[in-house]
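Fold and geometry: a report
In case you want the letters, here they are:
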Amino acid sequence: MTYYSQHAKVWVSVDCIIFGFDEGKLKVLIGRRQMDPGRGEWSLYGGFVAADESIDDAAARTLSELTGLRNLYMRQVGAFGSVDRDPGERVISIAYYALINVKDYGERQRLEHGVEWADVNNLPSLYSDHNEMIRKALKLMRQKLHVEPVGFHLLPNLFTLTQLQNLYEAVNGEELDKRNFRKRIKEMDFIEKTELIDKTSSKRGAFLYRFNHRSYNEDPNFKL
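In what follows, the accompanying structure is described. Because the structure is predicted, anything quoted here is derived from the model rather than measured. (Residues numbered from 1 in each chain as written. Predicted model: local features only at pLDDT ≥ 70, side-chain atom pairs only at ≥ 80, totals over all residues. Heavy atoms only, no water.)

Observations regarding unusual backbone geometry
- Of the consecutive residues Asp36 and Pro37, the connecting peptide bond is found in the cis state with omega at -5 degrees.
- With respect to the helices and strands, Pro37 occurs in the loop between strand E2 (25-32) and strand E3 (42-43).
- Phi is positive for Tyr4, close to 60 degrees, though the residue is something other than glycine.
- Of note, Tyr4 is situated in the segment before strand E1 (11-22).
- The backbone of Asn71 sits at a positive phi, close to 55 degrees, despite the residue not being glycine.
- Relative to the elements of secondary structure, Asn71 occurs in the loop between helix H1 (55-67) and strand E5 (73-80). (Helix = DSSP H or I, 4+ residues; strand = E, 2+ residues; numbered from the N terminus.)

Quick word on the side chain of Asp198
- With respect to the element layout, Asp198 can be found in strand E8 (residues 191-198).
- Every residue in contact with Asp198, bar those within four places of it in the chain, is listed here: Thr160, Gly205, Ala206 and Leu208. (Contact = heavy atoms within 4.5 Å.)

A short note on the nonpolar core
- In terms of nonpolar packing, the biggest core is built from 42 residues, with Ile17, Phe19, Leu26, Tyr97, Leu164 and Ile191 touching the most fellow members.
- Mapped by element, the contributors of at least two residues to this core are E1, E2, E5, strand E6 (91-99), helix H3 (130-145), helix H4 (161-172), helix H5 (178-186) and strand E9 (206-211).
- Excluding its chain neighbours within four sequence positions, the residues that come into contact with Tyr97 are Ile17, Phe19, Tyr73, Met74, Arg75, Val77, Ala137, Leu140, Met141 and Lys144.
- Ranked by size, the runner-up nonpolar core spans 17 residues in total, among them Ile94, Ile100, Tyr105 and Val115. (Core = buried A, V, L, I, M, F, W, Y, C linked by side-chain atoms within 4.5 Å. Buried < 20%, exposed > 50% of the residue type's maximum accessible area, 1.4 Å probe, protein only.)

Okay, here's the thing in structure tokens:
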């Protein structure tokens, strides 16, 4: 028996907003669309949901295809379903955002997929409602950043306090008082100071820190 035959069929897709942090700026992966309609326009990377997979699985698969990375930090942004959002067919898209360390994303993989890192503050006009997706994802990530240390997904395993502050400033779009920021960081047991020193930024160098997952899990009360 065929069910729902009296209803029109719609397509369901996922679009992935992949954030990275590089050279003091928050960036997102975009590329030229390689299919019609909209071929050649700047776009997020996405794909259609297969009949045998959930939307979460479709997003994870799409992220893995693009980055070659698995078990990424990924959160759903929401559904985008304006009737005229896709001139090809009636397509409802579920957007997800993911956070990765730019250094983990290989150059070969990036060139293979024809994508590049773009500054979130200087984006071109993207296909359909992809600019809106990024704006909403950025808003959600800013909210999350204040109650959960998700920013560490964007940093290398070892980082300086300057890098950490630059990250928070890039995501929030505003400068932070250096003294107050460092005072707050030093109160957090799960941000550990190591004996290693980074000398790439100055002759004197700066101590490197790391995020201790075990300490955070034991006392996850976080607010910055």
